[in-house]
Amino acid sequence: MAHTNESVVSEFVLLGLSNSWELQLFFFAIFSLVYVTSVLGNIMIIVIISSDSHLNSPMYFLLSNLSFIDICQSNFATPKMLVDFLVEHKTISFEGCMAQIFLLHSFVGSEMMLLVAMAYDRFIAICKPLYYSTIMNQRLCIIFVFISWAVGILHSVSHLAFTVDLPFCGPNEVDSFFCDLPLVIELACMDTYEMEIMTLTNSGLISLGCFLALIISYTIILITVRRRSSSGSSKALSTLTAHITVVILFFGPCIYFYIWPFSRLSVDKFLSVFYTVCTPLLNPIIYSLRNEDVKSAMRKLRNRHVNSWKN
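Residues numbered from 1 in each chain as written. Predicted model: local features only at pLDDT ≥ 70, side-chain atom pairs only at ≥ 80, totals over all residues. Heavy atoms only, no water.

The protein chain is annotated in an unreviewed UniProt entry as Olfactory receptor from Lynx pardinus. Under Sequence similarities (unreviewed entry), UniProt gives the following word-for-word description of the protein chain: "Belongs to the G-protein coupled receptor 1 family." What the UniProt record of the protein chain gives under Function (unreviewed entry) is the line "Putative odorant or sperm cell receptor." (UniProt positions renumbered as here; feature names shortened; annotations may be inferred.)

### Examining the overall build of the protein chain
Of the regular secondary structure elements, the protein chain holds twelve helices and three strands. Going through the 311 residues of the protein chain one by one, you find that 49% of them count as buried. The long-range share in the protein chain, meaning contacts at least 24 apart out of those at least 6 apart in sequence, stands at 80%. (Helix = DSSP H or I, 4+ residues; strand = E, 2+ residues; numbered from the N terminus. Buried < 20%, exposed > 50% of the residue type's maximum accessible area, 1.4 Å probe, protein only. Contact = heavy atoms within 4.5 Å.)

### Observations regarding the packing of aromatic side chains
Applying the stated rule across the entire model yields 14 aromatic pairs. Seen from their ring centres, Phe94 and Phe168 are 6.0 Å apart, and the 65 degrees between their planes marks the pair as edge-to-face. Residue Phe94 is located in helix α5 (residues 94-127), and its partner Phe168 is located in the loop between α7 (138-163) and β3 (173-174); the two are separated by 74 residues in the primary sequence. Between the aromatic rings of Phe211 and Phe251, the centroid separation amounts to 5.4 Å while the plane-to-plane angle is 45 degrees, which identifies the pairing as tilted. A residue pair is termed long-range when its members are at least 10 positions apart, and Phe211 in helix α9 (residues 193-227) and Phe251 in helix α10 (residues 231-259) qualify at 40 residues. (Phe/Tyr/Trp six-rings, centres within 6.5 Å; stacked < 30°, edge-to-face > 60°.)

### Details of the packing of α5 against α7
The contact between α5 and α7 brings their axes to 7 Å, and the two run at 150 degrees. The hand of the α5/α7 crossing is right-handed. Taken together, the residues that form the contact of α5 with α7 break down as 18 nonpolar, ten polar and no charged. (Axes fitted to C-alpha atoms, helices over the stretch in contact; angles between N-to-C directions. Left-handed = near helix turned anticlockwise from the far one by under 90°. Nonpolar A, V, L, I, M, F, W, Y, C, P; charged D, E, K, R; others polar.)

### Let's talk about the pattern of salt bridges
Under the definition given, this model contains two salt bridges. Lys80 serves as the salt-bridge partner of Asp84, at 3.3 Å between the closest nitrogen and oxygen. Placement of both Asp84 and Lys80 in helix α4 (residues 78-84) is noted, with a separation of four residues, approximately one turn of the helix. (Salt bridge = Lys/Arg side-chain N within 4 Å of Asp/Glu carboxyl O.)

### Quick word on the side chain of Ser18
Mapped onto the elements of the fold, Ser18 is located in the loop between β1 (11-14) and α2 (21-51). Setting aside anything within four residues of it in sequence, one finds Ser18 in contact with Leu23, Gln24 and Phe27.

### Regarding the environment of Met198
Here Met198 is to be found in helix α9. Taking the relative accessible area as the measure of exposure, Met198 reaches 36% and is therefore partly exposed. Along the chain, Met198 and Ser158 lie 40 residues apart, while their C-alpha atoms are 9.9 Å from each other.

### Regarding the state of the cysteines
Overall, the coordinates contain two disulfides when judged by the stated rule. Between the sulfur atoms of Cys97 and its disulfide mate Cys179 the distance is 2.1 Å. Between Cys97 and Cys179 the sulfur-sulfur dihedral comes to about -125 degrees; the bridge is accordingly left-handed. Of this pair, Cys97 sits in helix α5 while Cys179 sits in the loop between β3 and α8 (181-185), and the two are 82 residues apart along the sequence. The pair formed by Cys97 and Cys179 is uniform in burial state, with each residue classed as buried. A sulfur-sulfur separation of 1.9 Å characterises the disulfide bridge that pairs Cys169 with Cys189. (Disulfide = S-S within 2.5 Å.)

Dropping the structure here:
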């Protein structure tokens, strides 16, 4: 079929989370708070890490990059969703829709790879501590960040390359608050079975590969920590708990979506909200509450500013 996107479907209608005006106002208030907290919390993590010399280590360098990705993820769809809560006709241009698909898969793919890099950092620190400073140097950390973004962008481009050329010739209602790839593919005026399988394979491989790598890494690390009985091991276990909590909450909804990617239930919308809006909030909450070094750096930064105001 000829490419007909521009001449037939120039915009998509987003059905949002609810038709109730009262519920939409409630969602606006709640998600505005989550959005602002998420962005400010992740900015705070970056500021704390960059301002404290004691946090000048590979783990915190990777953590600050994770916060940066979470800031990006907070902004790809949430501001548009908040505006849509206040308007009756929720639309997005064809180009805007494709941009949302590209950005979401870029950020999610990058975050998956970065979580693997953080697991590798903990693996070396705990299982091979004598070689840590030699292996985990600044150059390797920068390479990890570069690979994370490269994989995320390539993963996203591979989706978008097929999606932009699909023939959209009429149906344009997306039953979500953003352009969710499986829902957009279903609107194409053709048999999309092969496209659905390709999408599932592409996303499933990167998700399953990263998840298995994380499970294996943290299993080995936990076994190593359990064999030791020291205060250092206790601190390592606390840090690991934060890492594992983020991994479970991040990959849980992701795995669910890839098990049933093209058969949506009513609960899926709210899982999508958790995945796209609430997940970026996990990083500052979990790491700031579970990590003693970050809490200590936070107190020092606060005291520094309090003293400067008094003077």
